[in-house]
Amino acid sequence: MSGSPLRGKTILFGVCGSIAAFKAAGWVSALRQEGAQVHVVLTAAAARFVTPLTFAALSGNPAHENMFAAGMEHISLPAAADAVLIAPATAQTIARLAQGFADDLLSASVLACSAPVLICPAMNARMLAHPATQRNLAALREYGYRIAEPDCGRLACGEEGAGRLVEWDTAREALLGLLAKQDLAGERVLITAGPTQEPLDPARFLSNRSSGKMGYALARTARRRGAEVTLVSGPVALAPPPDMNVVSVRTALEMAEAVSRHAQTASIVVKAAAVADFRAAAFSAQKIKKTAIEPLLALAANPDILAALGSRRRTDQLLIGFAAESGGHEAEGRRKLLAKNADLIVVNDILGSSTGFEADTNQITLITRDSSETLELLSKEETADRIWDKALSLLQERKAAGAETTA
Ligand code: PMT
């Protein structure tokens, strides 16, 4: 497993003179821990907040600030970069980049760089809202730079408002989006993830071991590859991924309703959630006393959401289901593919400790009507990327078949 998608990538990391510069130190460390090569360029103002020595120690590379040092860093640094990340980006540096200035190492490096650029602004709310700053940010968007819109909240000046540097998870996903092939751009993807909980009384419920990791990996990787993502999630301990529509549900009936609402406009649907097949026949509004618990629980069947989608889906929609199996994997996967009218079933074993529920890794078999392919053990994000690769090839095949019939 190669692990992080950032492994081996070279990031030119610009730091500007904001109190949020201390957060950039943590970001540099996080990038290095994921195996990225980080070259830090500070503005003169940034060095007044955090020293170059700090960034040199964290990145393992010399930190640069002087435009007139020995080498031609303003050419060599951007030439080696896979992406440029500027965080925090001050109003001053945003204005200089918008105007194409090149009189300090950071602005000259960006001007000489052909790699994608991610700008993470941080400043007082009124400075951010000022027409000059907004015009400069618009100019950067016109250049094709990606802007990670600042968060709202308490600012260093003590005021509340927009202007907080985004969280690292948001910046990381935006950076990965800059590095990923945008081959899902234009696709509207609906993903379900996690377990459902079927309450018996106010204290007890039926559920399963799904952590949501597989579905959240599918959502994150689809967003990086340019898709518009709606994630319908059962109760999990994972943070909602940034930059997508997350719909939280609890029961299978709530999941069915949310899926029904969003499936009609989705071009690809992936059902990674572990939906409970049954719920209590009757919910007890009072906690059931131990002495009153029946040895046999009366259950009612939940709707099969995937089968319902398969029975009424658009012909141009790609429908992908999962199969959680403890045996007869290929036969069960193929049975579900046909029974639920899916285009692809992703089979995973739930007995192993490194596959299926809760694991950070998975080993899947991809089953279509005319193929079966078992992958190697991968991280769930790498597994998700391979599922998207398969989905894209199915869409290509469908497009080619359609072209033949109309030819
Ligand atoms: O969340 P993790 O901890 O990362 O674990 C990942 C996973 C094991 C949950 C995931 O990889 C997985 O296998 N998800 C499907 C689990 C499941 O419900 O499989 P199944 O074989 O019981 O159902 C087959 C398909 O029908 C699934 O796409 C499921 O979403 C769907 N289904 C099932 C029952 C139901 N009432 N409605 C459904 O839509």
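Criteria and thresholds
Residues numbered from 1 in each chain as written. Predicted model: local features only at pLDDT ≥ 70, side-chain atom pairs only at ≥ 80, totals over all residues. Heavy atoms only, no water. Helix = DSSP H or I, 4+ residues; strand = E, 2+ residues; numbered from the N terminus. Buried < 20%, exposed > 50% of the residue type's maximum accessible area, 1.4 Å probe, protein only. Areas by Shrake-Rupley, 256 points an atom, 1.4 Å probe, with all protein chains shown as cover. Salt bridge = Lys/Arg side-chain N within 4 Å of Asp/Glu carboxyl O. Axes fitted to C-alpha atoms, helices over the stretch in contact; angles between N-to-C directions. Parallel < 35°, antiparallel > 145°, perpendicular 65-115°, else oblique. Left-handed = near helix turned anticlockwise from the far one by under 90°. Contact = heavy atoms within 4.5 Å. Nonpolar A, V, L, I, M, F, W, Y, C, P; charged D, E, K, R; others polar.

Chemist: Would you explain the overall build of the protein chain in this entry?
Modeler: Within the protein chain, the secondary structure is distributed over 13 helices and 21 strands. With the C-alpha coordinates aligned to their principal axes, the bounding extent of the protein chain is approximately 75 × 65 × 40 Å. When the 407 residues of the protein chain are sorted by exposure, 51% land in the buried category. Carbon together with sulfur atoms contributes 55% to the accessible area of the protein chain, which is approximately 18,600 Å² in total.

Chemist: Help me understand the pattern of salt bridges, please; the structure alone is not making it clear to me.
Modeler: Two side chains bearing opposite charge may form a pair once their charged atoms approach each other closely. Enumeration according to the criterion identifies 28 salt bridges in this entry. The partner of Glu149 in a salt bridge is Arg141, and the shortest N-O contact between them spans 2.7 Å. The exposure class assigned to Glu149 is partly exposed, which follows from its relative accessible area of 44%. As a salt-bridge pair, Asp389 and Arg225 come within 2.5 Å of each other at their nearest N and O atoms. Placement of the pair is Asp389 in helix α13 (residues 380–406) and Arg225 in the loop between α9 (213–224) and β11 (228–233), with a sequence separation of 164 residues. Assessed through its relative accessible area of 38%, Asp389 is described here as partly exposed. Here the residues in one salt-bridge network are Glu34, Asp169, Arg172, Glu173, Arg220, Arg224 and Glu381, joined through shared partners.

Chemist: Hey, could you run me through the packing of helix α1 (residues 21–33) against helix α8 (residues 168–179) in this one?
Modeler: A pair of packed helices can be characterised by two numbers: the angle between their axes and the separation between those axes. Packing of α1 against α8 leaves a shortest axis separation of 11 Å and a crossing angle of 50°. Taken together, the axis directions place α1 and α8 in an arrangement best described as oblique. In terms of crossing hand, the pair formed by α1 and α8 is right-handed. On α8, the residues touching Trp27, Ala30 and Leu31 of α1 are Trp168, Ala171 and Leu175. Per-class residue counts for the contact of α1 with α8 are six nonpolar, no polar and no charged.

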